[in-house]
2 protein chains.
Amino acid sequence: MLTKQQLEEFEAEAGMMYLDHISIDCVVFGFHEGQMKVLMLKSNNEEAWYLPGGFVMKQEPIEVAANRILATRTGLDKVFLKQFHVFGDPDRSKIHNEMYSEVLPAGNNFFTQRFISIGYYALVDFFNVIPTPDVFSEICTWRDLDDLPKFQLDHELIFRTALDTLRLQLSYQPIGYNLMPKEFTMPELQKLYETILGKKLDRRNFQRRILGFGILNKLEQTRKGGAHKAPYLYSFDLKKYQAALKEGLKSGW
Amino acid sequence: MLTKQQLEEFEAEAGMMYLDHISIDCVVFGFHEGQMKVLMLKSNNEEAWYLPGGFVMKQEPIEVAANRILATRTGLDKVFLKQFHVFGDPDRSKIHNEMYSEVLPAGNNFFTQRFISIGYYALVDFFNVIPTPDVFSEICTWRDLDDLPKFQLDHELIFRTALDTLRLQLSYQPIGYNLMPKEFTMPELQKLYETILGKKLDRRNFQRRILGFGILNKLEQTRKGGAHKAPYLYSFDLKKYQAALKEGLKSGW
DNA sequence: TCAAAAGTGTTTTTGATACACCCATGT
DNA sequence: ACATGGGTGTATCAAAAACACTTTTGA
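Here the residue numbers are simple positions, counted from 1 along each chain's written sequence. Chains carry letters and ligands carry numbers; both start at the beginning, A for chains and 1 for ligands, and go up in the order they are written. In view of the model being predicted, local features appear only for residues whose pLDDT reaches at least 70, and side-chain atom pairs are presented and counted only at 80 or more, with totals across whole chains, interfaces and linings using the full set of residues. Side-chain measures here rest on the full set of heavy atoms in the structure, leaving out hydrogens and waters.

Identification of chain A as NUDIX hydrolase from Mucilaginibacter segetis is taken from an unreviewed UniProt entry.

Take a look at the structure:
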């Protein structure tokens, strides 16, 4: 938690560096132990959690800003990041505004203005992320998709919209390269799809379809140590994967 | 074309009314005589055309702003309007900035600041639109999709992104209610799809598929006066249409 | 040795595509 | 009467969905 003085200093600096009225919020999806996760933050003296976010520097492209914000929260560079919606209700930051206007001097100041937030969602490799709190929080950690906390502001809407977009994306784009480790088994990849979609898929049909996309390399080795028959390992064929991203998986018409 | 004084007055007013740094651009699609059209504007003393656009009032939701901007250019209220992308490159309004900084006093002024533009696309009934120029232009008119003029700024990118989004949309959402008149024939609807997609479709398969969606009502009457067999008239079943919008037309997985 | 997970099929159903025939209408 | 566009139907093919059997492995 910031002291009043720290907040005032930060406010003054922010007003110099950043564009007014524009913020960025990121929904960072990760996958671990068969569970879909979102990266979230929390301050010790608030109950509700919020999404990683930030502002756009005066001469910075918004994509660069989103990457920078993500990098500072995760330690990651160059991840899959996609703009999905703009949240522009004038009341969306009301509670926040009221909170800060108690602490900060009245009148124009950076934090109490109206913000229009550009939503990005990211797909990242769980193991590479080093969750890093921002200046407003002490806690930055993964939350299970089926055990979500109370959200601040409209962050629940932002999260839900991101998830819906991701699900839709799944039907015409390959997904997984950014979420899975280098090598993985077919059941592991299936679990990812099932988690995103929130439903069970047929093992055999899933395998046929995924292989049909032609974006996987089957490796020689198997994943040993499991309690049952050892599954084969696969990796993504990056070239073909990226081609599929461009072309799309099915034409529609 | 505005005089220098008019521009200065408008600038001062805009700075009071509107949020800094945020603009809205609309790609308005219409359909007439088997041709897809976009609504565009042009000033007499500039060569390049631009898209209908505007700014967000200080306490106005962005959806409301987009609707207001559209309403002032078309006379329409409550049309299909969808946010599709944010354009946030710091150089995107460079040329504009330079242009205005010649005319307007140096230093901070509304028109020479950096703008991040929220792109909306609209699907409207051609016949209901009354194209209305804005304060910067004398011409506001429909342009054929296959006879497009030179664009200002990054408006070509905005237009192309809108078209791509619309095409993608077509594969998982019904379209047409907002573009077609109340009553229409199957060949007319097919022409719409063909124009959006930029390719020919099989007459019989198209009909089967569209009817399969269950969003059309077949009317008793036929469209007479044509030089051939009179085609049946159809209308959209609004209830089922909106349900299909929500559900999507195919699941994917 | 057996339960559970994984590999590898086949059958069935559905939807997309391609194609054929007849009907109505204005010239 | 005929060319043209429109209504309706069928054959074919490919992909999705449903389903079955065998293999491997640790407990």
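### Structural notes on the overall build of chain A
Only DSSP runs of H or I covering at least 4 residues are called helices, and only runs of E covering at least 2 are called strands; the numbering of each starts at the N terminus. The helix and strand tally for chain A stands at seven helices and nine strands. If you line up chain A on its principal axes, its C-alpha atoms span 65 × 45 × 30 Å. A buried classification covers 51% of the 253 residues belonging to chain A. Looking at chain A alone, contacts between residues at least 24 apart form 73% of all its contacts between residues at least 6 apart. Only the protein chains shown count as cover for residues, with accessible areas throughout obtained via the Shrake-Rupley method and a probe of 1.4 Å. By element, 52% of the accessible surface of chain A is carried by carbon and sulfur atoms, the whole surface being about 12,600 Å². In chain A, which carries 31 positive and 32 negative side-chain charges, the distance between the mean positions of the two groups comes to 12 Å. Burial classes: relative accessible area under 20% of the type maximum marks a residue as buried, over 50% as exposed, and values in between as partly exposed (1.4 Å probe, protein chains only). Contact definition: two residues touch when any of their heavy atoms are within 4.5 Å. Counting rule for charge: Lys and Arg are taken as positive, Asp and Glu as negative, and neither His nor the chain ends is counted. Just so you know, the charge point we use is NZ for Lys, CZ for Arg, CG for Asp and CD for Glu.

### Let's talk about the pattern of salt bridges
One speaks of a salt bridge when a side-chain nitrogen belonging to Lys or Arg is within 4 Å of a carboxyl oxygen belonging to Asp or Glu. All told, the structure shown has 20 salt bridges over all chains when counted by the stated rule. The partner of E60 of chain A in a salt bridge is R68 of chain A, with the nearest N and O atoms 2.7 Å apart. We classify E60 of chain A as buried; its relative accessible area is 5%. Where D25 of chain B meets R92 of chain B, a salt bridge forms, and the shortest distance between an N and an O atom there is 3.6 Å. Here D25 of chain B, found in strand β1 (residues 18–32), pairs with R92 of chain B, found in the loop between β4 (80–87) and α3 (94–103); they are 67 residues apart in sequence, far enough to count as distant.

### Remarks on the protein's contact with DNA strand D
Residue proximity to a molecule or strand is established when one non-hydrogen atom of the residue lies within 4 Å of it. Taken together, the neighbourhood of DNA strand D is formed by 19 residues, with R204 of chain A together with R203, R204, H228 and K229 of chain B sitting nearest. Of all DNA strand D atoms lying within 4 Å of any protein atom, the proportion belonging to sugar or phosphate reaches 46%. Contacts to DNA strand D include N205 of chain A, whose side-chain N or O atom sits 3.0 Å from a base nitrogen. For DNA strand D, a sugar or linking oxygen lies 3.2 Å from a polar atom in the backbone of A227 of chain A. Looking at the surface near DNA strand D, the elements with two or more residues in it are α6 (203–213) of chain A together with α6 (203–213) of chain B. As used in this structure description, the phrase polar contact means that two N or O atoms lie within 3.5 Å; if the pair is within protein, one of them must be able to donate a hydrogen and the other to accept it, and residues adjacent in sequence are counted only when both atoms belong to side chains.

### Examining the packing of helix α5 (residues 186–197) of chain A against α6 of chain A
All names here are of chain A. Fitted lines through C-alpha atoms serve as axes, helices being fitted only where they are in contact, and the angles separating the N-to-C directions of these axes extend from 0 to 180 degrees. In contact at an axis separation of 10 Å, α5 and α6 are set at 95° when each is read in the N-to-C sense. By the angle class used here, α5 and α6 are roughly perpendicular. From α5, M186, L189, Q190 and Y193 reach across to α6, where they touch R203, F206, Q207, I210 and L211. Gly is put with the polar residues, along with every residue not named as nonpolar or charged; the nonpolar set is Ala, Val, Leu, Ile, Met, Phe, Trp, Tyr, Cys and Pro, and the charged set is Asp, Glu, Lys and Arg. Per-class residue counts for the contact of α5 with α6 are six nonpolar, two polar and one charged. Oblique is the label for every angle not falling under 35 degrees (roughly parallel), over 145 degrees (roughly antiparallel), or within 65 to 115 degrees (roughly perpendicular).

### Brief notes about the nonpolar core
Nonpolar side chains tend to gather and get buried jointly when the protein is soluble and globular. Of all hydrophobic cores here, the largest spans 54 residues; its most connected members are I24 of chain A together with I24 of chain B. Here I24 of chain A is in contact with P52, G53, G54, V56, I62, A65, A66, I69, S117, I118 and Y120 of chain A, once residues within four sequence places are set aside. Residues grouped as a nonpolar core are buried Ala, Val, Leu, Ile, Met, Phe, Trp, Tyr and Cys residues, joined through side-chain atoms within 4.5 Å.

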